[in-house]
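Letter by letter, the chains look like this.
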Amino acid sequence: MGKQKEDILKEPQSDYEKAEMDLLKAALKRSYTERFHVMAKLMKMNQMLRQATVKHKSFPPSE
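Residues numbered from 1 in each chain as written. Predicted model: local features only at pLDDT ≥ 70, side-chain atom pairs only at ≥ 80, totals over all residues. Heavy atoms only, no water.

Please clarify how the overall build of the protein chain should be interpreted in this entry.
Each helix and strand in the protein chain was counted, giving three helices and zero strands. What you see in the protein chain, going N to C, is helices and strands ordered as α-α-α. With 63 residues in all, the protein chain has 0% of them scored as buried. Accessible surface, the protein chain: about 7300 Å² in total, of which carbon and sulfur atoms supply 60%. (Helix = DSSP H or I, 4+ residues; strand = E, 2+ residues; numbered from the N terminus. Buried < 20%, exposed > 50% of the residue type's maximum accessible area, 1.4 Å probe, protein only. Areas by Shrake-Rupley, 256 points an atom, 1.4 Å probe, with all protein chains shown as cover.)

Honestly, the pattern of salt bridges in this entry has me stumped. Any pointers?
Should their charged atoms come close, side chains of opposite charge can pair. For the coordinates displayed, the defined rule picks out one salt bridge. With a closest N to O distance of 3.0 Å, Lys18 and Asp22 form a salt bridge. Residue Lys18 and its partner Asp22 are both found in helix 2 (residues 16–28); the two are separated by four residues, about one turn of the helix. Residue classification places Lys18 among the partly exposed positions, given a relative accessible area of 48%. (Salt bridge = Lys/Arg side-chain N within 4 Å of Asp/Glu carboxyl O.)

I keep staring at a nonpolar patch on the surface and nothing clicks. Help me out?
Taken together, the side chains of Val38, Met39, Leu42, Met43, Met45, Met48 and Leu49 present a nonpolar region at the surface, about 700 Å² in accessible area. With respect to the helices and strands, the residue Val38 is situated in helix 3 (residues 32–51). Note on Val38: relative accessible area 41%, which makes it partly exposed. (Patch = residues over 30% accessible without salt bridge, like charges linked within 9 Å, V, L, I, M, F, W, Y side chains within 5 Å.)

What am I meant to see in the confidence of the model for the protein chain here?
Predicted coordinates in areas of low pLDDT are best not read in detail. Scored by pLDDT, the protein chain has a mean of 83; 75% of the residues are at 70 or more. The secondary structure element of the protein chain with the lowest average pLDDT is helix 1 (residues 2–9), at 59, and the one with the highest is helix 3, at 96. (pLDDT = per-residue confidence, 0-100.)

What is the right way to look at helix 3 in this model?
For helix 3, with 20 residues, the first-to-last C-alpha span of 29 Å sits near the 28 Å given by 1.5 Å per residue. Helix 3 sits mainly on the outside: zero of its 20 residues count as buried. (Expected span 1.5 Å × (residues − 1).)

What follows is the structure, given as structure tokens:
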């Protein structure tokens, strides 16, 4: 019973370094054209978000 309880309490270890390396390896396999298109898309999104304004309208409390 003690061993089962101990196993339940253990959380699985995440290997963040391996996941990061896998992402980097996948990114290196992309062609220069794909990289360019991704960068252009990010730049357009950055420009759009920089120009965005947040407007807030408060509503009267409902009774």
